[in-house]
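Observations on chain architecture
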Amino acid sequence: MLSIHGDQVVTVQPVSSVVVVLVLVLPPKPVFKLFASVDAKCVEQLKDLGCKWVIPGHSERRHVIGEDDQFIGKNAAYALSEGLGVIACIDEKLDEREAGKTFDVCFKELKAFADTVPSWENIVIAYEPVWAIGTGKVATPLQAQEVHAAVRDWLKTNVSADVASATRIIYGGSVNGGNSAELAKQEDIDGFLVGGASLKGPEFATIVNSVTSKQVAA
Ligand SMILES: O=C[C@H](O)COP(=O)(O)O
């Protein structure tokens with residue numbers, strides 16, 4: 001299953017309740033140098049390419065392109081209606097974390113998805129703090145777990161207990177071979193959205209194994 005992410009193609013392989021995210025770089029770059037803004041033309045192109053997943057709400061779309069929560073939610077709903085899976089990204093910026101607003105920001109973004117999607121069956125939530133993406137400054141396992149648990153609790157309260165337990169919540173932001181094992185041990189971290197470390201084969205294998213080991217142990 002494939003999804004465009006920048007100049008990369010993301011492969012998502014669900015394993016029981018655990019999702020493993022594999023990122024592969026495919027040449028030629030220009031063909032893939034687009035983010036998954038999900039309009040009709042884009043969906044058509046993605047399907048032509050064999051893509052199955054899109055990632056609305058990724059940091060660049062929110063904070064560089066300037067897409068707002070409602071637009072992102074509509075993109076997600078449209079992608080679902082066209083049969084694509086959705087990796088719904090939520091995040092907070094550093095100043096928001098330092099101001100104690102992490103949950104408020106993440107819940108607001110989550111609500112925009114919840115307000116528009118008809119079903120959570122084909123949705124994976126990705127928590128990707130902006131300050132951790134591509135910076136080498138990964139969230140600690142406790143920081144990530146705290147948000148993941150809160151997101152699951154939000155789903156339970158605002159959507160349903162079934163959706164809360166069935167929805168995979170993955171973490172992204174400077175995941176590497178040295179930190180993935182501790183992150184993966186956290187109860188509510190079901191997998192990873194990997195950027196830079198996906199370019200390093202053996203290290204990437206370590207990340208994948210940290211999640212599959214969890215699945216085997218469960
Ligand atoms: O989608 C990937 C994320 O943005 C994380 O990227 P990173 O692993 O390079 O921090």
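Since this is a predicted model, take the numbers as computed values, not measurements.

Within the protein chain one finds 10 helices and eight strands. Considering the protein chain as a whole, with its 218 residues, one finds that 52% of them fall into the buried category. Of all intrachain contacts in the protein chain linking residues separated by at least 6 positions in sequence, the fraction that spans at least 24 positions is 66%. In the structure as shown, the protein chain presents an accessible area of about 9800 Å², 55% of it carried by carbon and sulfur atoms.

Before going further, it helps to spend a moment on the packing of helix α4 (residues 69–81) against helix α6 (residues 102–116). Relative to each other, α4 and α6 sit at 40°, their axes nearing to 8 Å. In this view, α4 runs oblique relative to α6, as classed from their interaxial angle. By crossing handedness, the relation of α4 to α6 is classed as right-handed. Where α4 abuts α6, its residues D69, Q70, I72, G73, K74, A76 and A77 lie against K108, E109, A112, F113 and T116. Class assignment of the residues belonging to the contact of α4 with α6 gives a composition of five nonpolar, three polar and four charged.

Across the two faces of strand β7 (residues 169–172) the burial is the same, with I169 and Y171 and I170 and G172 all buried. Pairing analysis gives three bridges linking strand β6 (residues 123–127) to β7, with the strands arranged parallel. Counterpart to A126 in the pairing with β7 is I170. Across two bridges, the pairing between β7 and strand β8 (residues 192–193) is parallel. Opposite G172, over in β8, you have L193 as the bridge partner.

A few words now on the nonpolar core. Counting 44 residues, the largest nonpolar core has V86, I90, W120, I125, Y171 and F192 as the members making the most contacts within it. Per element, the largest residue contribution to this core is five residues, and it comes from helix α7 (residues 141–158). Non-local contacts of W120, meaning those with residues more than four positions away in its chain, are made with L110, F113, A114, I125, L155, V159, V163 and T167.

Judged by pairing direction, the sheet is parallel, and its five strands sit side by side in the order β4-β5-β6-β7-β8 without closing on themselves. Among the strands making up the open sheet, the edge pair consists of β4 (53–54) and β8. Along the sheet face, α7 touches β5 (85–90), β6 and β7 and points at about 150° away from the line of β7.

Sheet faces and side chains relate simply in a regular strand, where the side chains alternate between the two faces. The buried fraction of β6 is high, at five of five residues. Of the two faces of β6, the one lined by I123, I125 and Y127 and the one lined by V124 and A126 are each fully buried. Two elements, β5 and β6, share five bridges in a ladder whose sense is parallel. In the sheet register, A88 faces β6, and the bridge partner there is I125.

Now for unusual backbone geometry. Most peptide bonds take the trans configuration, and most residues that are not glycine carry a negative phi. Positioned with a positive phi, S174 is a non-glycine residue whose angle comes to about 60°. Its relative accessible area of 16% is what places S174 among the buried residues.

What follows is about the packing of aromatic side chains. Under the defined criterion, the tally for this structure stands at three aromatic pairs. Seen in terms of ring centroids, Y127 and Y171 are 6.2 Å apart; in terms of plane orientation they differ by 55°. Their pairing is tilted. With Y127 in strand β6 and Y171 in strand β7, the pair connects residues that are 44 residues apart, well separated along the chain. There is no split in this pair, since Y127 and Y171 are both buried. Taken together, F103, F107 and W154 form an aromatic cluster joined through their ring pairs.

This paragraph deals with the environment of E60. Looking at the element boundaries, E60 is found in helix α3 (residues 59–65). Along the sequence, E60 and V130 sit 70 residues apart, while their C-alpha atoms lie 9.1 Å from each other. Polar contacts involving the side chain of E60 include one to the side chain of H58, which spans 2.2 Å.

Attention now goes to the side chain of D69. One can find D69 in helix α4. There is a polar contact of 2.6 Å between the side chain of D69 and the side chain of K108. When near neighbours in sequence (up to four residues on either side) are disregarded, D69 contacts R62, K108, E109 and A112.

Thresholds, definitions, all that
Residues numbered from 1 in each chain as written. Predicted model: local features only at pLDDT ≥ 70, side-chain atom pairs only at ≥ 80, totals over all residues. Heavy atoms only, no water. Helix = DSSP H or I, 4+ residues; strand = E, 2+ residues; numbered from the N terminus. Buried < 20%, exposed > 50% of the residue type's maximum accessible area, 1.4 Å probe, protein only. Contact = heavy atoms within 4.5 Å. Areas by Shrake-Rupley, 256 points an atom, 1.4 Å probe, with all protein chains shown as cover. Axes fitted to C-alpha atoms, helices over the stretch in contact; angles between N-to-C directions. Parallel < 35°, antiparallel > 145°, perpendicular 65-115°, else oblique. Left-handed = near helix turned anticlockwise from the far one by under 90°. Nonpolar A, V, L, I, M, F, W, Y, C, P; charged D, E, K, R; others polar. Pairing = 2+ DSSP bridges. Core = buried A, V, L, I, M, F, W, Y, C linked by side-chain atoms within 4.5 Å. Phe/Tyr/Trp six-rings, centres within 6.5 Å; stacked < 30°, edge-to-face > 60°. Polar contact = N/O pair within 3.5 Å; in protein donor to acceptor, adjacent residues only side chain to side chain.

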